[in-house]
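# Fold and contact review
The primary structure of each chain is shown beneath.
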Amino acid sequence: MIPLAALPTPALLVDLDRLERNIAAMAGAFAAAGVALRPHIKTSKCWEVARRQLAAGAIGFTCSTAAEVAWLQSRGVGDLLWAHVPIGPRKVAFVVDAIAQHGGGLTVSLDSVEAARPLSRAAAAAAVTVPFVLEVNTGHARLGVEPSSAVATATAIASLPGLRLRGVLTHEGHISALADRSALEQAGGAAGALLVSVADALRTAGFPIEVVSVGSTPGATSTPFVPGVTEGRPGTYVYYDANQTRLGSCTLDQCAQTVLATVASVQRAGRPIIDAGIKAMSSDAIAAAGGVGLVLDRPDVTFPEANEEHGFLLGSGLAVGDLVRLVPNHACGTTNMWSHLYAVRGDMAVERWEISARY
């Protein structure tokens, strides 16, 4: 065990008590509703977090990258959803090899015949079948076929050899633009209902839809609980972040991930400089709070800007050598900046955990 004051800064910290409470709360809510929980692994990229999620009842994980899929398969996790269209020869070959070597257990996302054809050719050549979900746009307009085209697109893709339709998927990310929590939850419910209607249309067309998958932490209190949804894919909930506090998904005392920094200079009054910049926090400004992150336990101090290795605070009462803990705007982007973290209880670091499958 190491006192926080003895750690080199900046350092990435995860509060174990908060982490464990967050995992238990989300798992309990999903279990009570009879909805499967398939967390997004990109938030932590950490086996010590992942194994706790599995122990709490997660059925598997959602992955963003091939590296995440390969890492979890190497750990023996057998039920993975790659929520990213496998486009390009390297990704296509990776999917086919992963299924051939691990006997299945991997489902991919598709939203067009054009993306499906190379995967179909490779699967047929290798004599494997690739399960897929059809991604549907329910408002976010990132990936996803329009609902009115879903049956036609699914029919065209499913007619290709080597591919098997399992269900439908959406990411209701657009609801994060709604600052009012009631409006956000209404929009989350509407996104879930739209996806369920697409699943029903596909069943009417003769497809045995088994998976109706939604996913976001802001929507985790609404979208997964629409009747007909079978699974949810929140990720950020394990740590939460400044963005989720703004959206009302959590309170600040639920935020488990922080960056520990040291005040390096107070040469200009009211503008302390710390040794943590965008390389420690990421430059993600999703929180739209006008800053780089929140200063924990110091509501009188703000964190408006940063360079690569320096952070610029605004506030008084800090001296050179003082420690501050910072809640990042976006936990997922911050995780990807680090190779390891310190698991802490109180003011002691009790373990060092590796972060895997980074870019």
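What counts and what doesn't
Residues numbered from 1 in each chain as written. Predicted model: local features only at pLDDT ≥ 70, side-chain atom pairs only at ≥ 80, totals over all residues. Heavy atoms only, no water. Pairing = 2+ DSSP bridges. Helix = DSSP H or I, 4+ residues; strand = E, 2+ residues; numbered from the N terminus. Contact = heavy atoms within 4.5 Å. Axes fitted to C-alpha atoms, helices over the stretch in contact; angles between N-to-C directions. Salt bridge = Lys/Arg side-chain N within 4 Å of Asp/Glu carboxyl O. Buried < 20%, exposed > 50% of the residue type's maximum accessible area, 1.4 Å probe, protein only. Domains from an automatic or database assignment. Buried area = accessible area lost by both parts, 1.4 Å probe.

### Comments concerning the sheet that holds strand β4 (residues 61-63)
If you trace the eight strands from one edge of the open sheet to the other, you get β3-β10-β9-β8-β7-β6-β5-β4, paired in parallel fashion. The open sheet has two edge strands, β3 (36-37) and β4, and neither has a second partner. Contacts from helix α4 (residues 89-102) reach β5 (80-82), β6 (106-110) and β7 (130-135), with the element oriented near 150° to β6.

### Looking at the pattern of salt bridges
Applying the stated rule across the entire model yields 17 salt bridges. R52 is the salt-bridge partner of E48, the closest N and O atoms lying 3.2 Å from each other. With E48 and R52 both in helix α2 (residues 47-55) and four residues apart, the pair spans about one turn of that helix. Taking the relative accessible area as the measure of exposure, E48 reaches 23% and is therefore partly exposed. Exposure remark for R52: the relative accessible area of 18% places this residue in the buried category. Notably, a salt bridge pairs E308 with K279, separated by 2.8 Å at the nearest N-O pair. Pair noted here: E308 is in the loop between β14 (302-306) and β15 (311-314) and K279 is in helix α9 (residues 278-281), with a separation of 29 residues, a long-range link.

### Some words on the domain arrangement of the protein chain
Each assigned domain of the protein chain is listed with its residue range as follows: domain 1 (2-11 + 249-354) and domain 2 (17-237). For domain 1 and domain 2, the distance between their C-alpha centres works out to 32 Å. Taken together, the 15 residues of domain 1 in the interface contact 17 residues of domain 2. For the pairing of domain 1 and domain 2, the buried interface totals around 1300 Å² over both sides, and the portion due to carbon and sulfur atoms is 51%. The tally of links between domain 1 and domain 2 comes to two salt bridges. Salt-bridge contacts for D17 lead to R345; the nearest nitrogen and oxygen are separated by 2.4 Å. For the side of domain 1 that touches domain 2, the secondary-structure elements that each account for two or more residues are α10 (331-335), β17 (340-345) and β18 (348-354). If you tally residues by element for the side of domain 1 that touches domain 2, the top one is α10, at three residues.

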